[in-house]
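The primary structure of each chain is shown beneath.
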Amino acid sequence: YRGVGYLNTGKFEQAVADFEKTSGPGDTNLGDLNALMQRAKTKLEAASAPPPEPPPQPQPQIAQRPAPQPVAPVPVPVPAGPSIDPALRQRVQAAIAGANTSLGNARNRKAGGSPQYTQAMQSLAEANAKANTAKSNDDLNAALASAQNASLYADSAPAPGAPPKPVQTAVVTPRPVAAADMALGDYRSQLRSALTNYFAGDFETASLGFESLSKSMPNNGWVWAFLGASRYSQYAFEADDNYKSQAVDAFRRAKSSPNFRKGGLPQKYFSKRIRKFFDTLG
């Protein structure tokens, strides 16, 4: 009984000594003697064992700075020079070659002494000079006109005793017309692309193109008319009322435009169904 008391109060060494001396349980059985002995020894070993060493703490890692990356130099934009159409340059060279051929024919028919032959030589010299120093398409067009004039003059050069032939010189594009084409170049390209999609039946892409043009040229009634036709065609295929309302808005903007014809949409570009719908709008 005393050994059990020692065991329950944590005096494990005294409990083991008493359990070794006893011969068995008393009048009141407090448990199997072997089990009590084993329990007391286990507790004693656990109490006698040295405390476990704390696990090594991980050393804090010092964050390393990333190695500096070389910075790529920012390219400096170089202003693009005026573009020259290679096909136009080839036309100029072909026109100059044709002028040389015409001059050779004039010499063969003994027309080298005529005023037309002299004019042809001067025009050819101008064509060569303009072609060699051309820096833009306008310069090439001027060279092309001079070369064509040289051919016309040479072909009209009469043989001795023959009546002179009238000369029709090539027409150089007037500067206001050339400047207008240059100023409307981007819009002209966008309009051509939108019309190509419209006549090809790609009404969704055509609508996007005409919408962009309507923002740039809000007073152009024809842009609004083709936008309305594209949207109405989408409505006809997809039965979406949103397309119909957009078509109505575009057609009304077209009708209110000062440069739009009052006779309605031309049959050449718009279907009968679209023209009929357009005419019903106020």
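Please refer to the structure higher up on the page.
Thresholds, definitions, all that
- Residues take numbers from 1 onward in each chain, read along the sequence in its written order.
- Whole-chain, interface and lining totals are the exception, using all residues; otherwise, since this is a predicted model, local features are given only for residues with pLDDT of at least 70 and side-chain atom pairs are given and counted only at 80 or more.
- Hydrogen atoms and water are omitted, and side-chain values are computed over all heavy atoms in the structure.
- Remark: nonpolar core denotes a set of buried residues (Ala, Val, Leu, Ile, Met, Phe, Trp, Tyr, Cys) joined through side-chain atoms within 4.5 Å.
- Think of it in three bands: residues with accessible area under 20% of the maximum for their type are buried, residues over 50% are exposed, and the middle band is partly exposed, with areas taken using a 1.4 Å probe on protein chains only.
- Numbering goes from the N terminus for both helices and strands, where a helix is a DSSP run of H or I of at least four residues and a strand is a run of E of at least two.
- Contacts are residue-level and defined by heavy atoms, with any inter-residue pair within 4.5 Å sufficient.
- By this rule the span expected of a helix is its residue count minus one, scaled by 1.5 Å.
- The arc in question is traced by the directions running from the helix axis to the C-beta atoms.
- By definition, a salt bridge exists where a carboxyl oxygen of Asp or Glu is found within 4 Å of a side-chain nitrogen of Lys or Arg.
- Aromatic pairs are defined between Phe, Tyr and Trp rings, using the six-membered ring for Trp, whenever the two ring centres lie within 6.5 Å; interplanar angles under 30 degrees are classed as stacked, those over 60 as edge-to-face, and all others as tilted.
- Whether a charge lies above a ring is judged from NZ of Lys or CZ of Arg, which has to be within 6 Å of the ring centre and within 35 degrees of the ring normal.

## Regarding the nonpolar core
Then step 1. Counting residues in each nonpolar core, the largest one holds 27 residues, and the members touching the most others are Y198, F210, Y232, F251, L265, F270 and I274.
Then step 2. For this core, the secondary structure elements donating two or more residues are α8 (185-199), α9 (203-216), α10 (221-238), α11 (241-255) and α12 (272-280).
Then step 3. When residues of this core are assigned to their parent elements, the largest contribution, 8 residues, is made by α10.
Then step 4. Excluding residues that lie within four positions of it along the chain, Y198 makes contacts with F203, A206, F210, F226, A229, S230, Y269, F270 and I274.
Then step 5. In this structure, A95, L103, L144 and A150 belong to the second largest nonpolar core, which totals 22 residues.

## Quick word on helix α5 (residues 115-132)
Then step 1. Given a rise of 1.5 Å per residue, 18 residues ought to cover 26 Å, and the 26 Å separating the end C-alpha atoms of α5 matches this to within 8%.
Then step 2. Every buried residue of α5 is listed here: Q116, Y117, A120, S123, L124, A127 and A131. For α5, the angular spread of the buried residues around the axis is 120°, confining them to a single face. For α5, the exposed residues set more than 90 degrees away from the buried face come down to P115 and N132.
Then step 3. Against α4 (86-108) and α6 (137-156) lie the buried residues of α5.

## Digging into the pattern of salt bridges
Working definition: two side chains of opposite charge can pair if their charged atoms are close together.
Then step 1. Using the criterion set out here, one finds 2 salt bridges in the structure.
Then step 2. Note that R2 is salt-bridged to D18, the shortest N-O span being 2.8 Å. Taken together, the residues R2 in helix α1 (residues 2-8) and D18 in helix α2 (residues 12-21) connect sequence positions 16 residues apart.
Then step 3. Assessed through its relative accessible area of 53%, R2 is described here as exposed.
Then step 4. Look at D18 and you get buried, because its relative accessible area is 11%.
Then step 5. As a salt-bridge pair, E211 and R231 come within 2.6 Å of each other at their nearest N and O atoms. Placement of E211 in helix α9 and of R231 in helix α10 is noted, with a sequence separation of 20 residues between them.
Then step 6. The class of E211 is partly exposed, set by a relative accessible area of 27%.

## Quick notes on the packing of aromatic side chains
Then step 1. Following the criterion strictly, the structure yields 14 aromatic pairs and no others.
Then step 2. Here Y198 and F203 contribute two aromatic rings whose centre-to-centre distance is 5.8 Å and whose plane-to-plane angle is 70°, an arrangement assigned as edge-to-face. We note that Y198, like F203, is buried.
Then step 3. Considering the side-chain rings of F210 and F226, the 5.7 Å spacing of their centres and the 20° angle between planes classify their relative orientation as stacked. With F210 in helix α9 and F226 in helix α10, this pair connects stretches of sequence that are 16 residues apart. Take F210 and F226: they sit in the same class, and that class is buried.
Then step 4. Grouping aromatic residues by their ring pairs yields a cluster made of Y198, F199, F203, F210, F226, F237, Y269 and F270.
Then step 5. Of note, K255 hangs over the ring of F278, and the distance from its end group to the ring centre comes to 4.6 Å.

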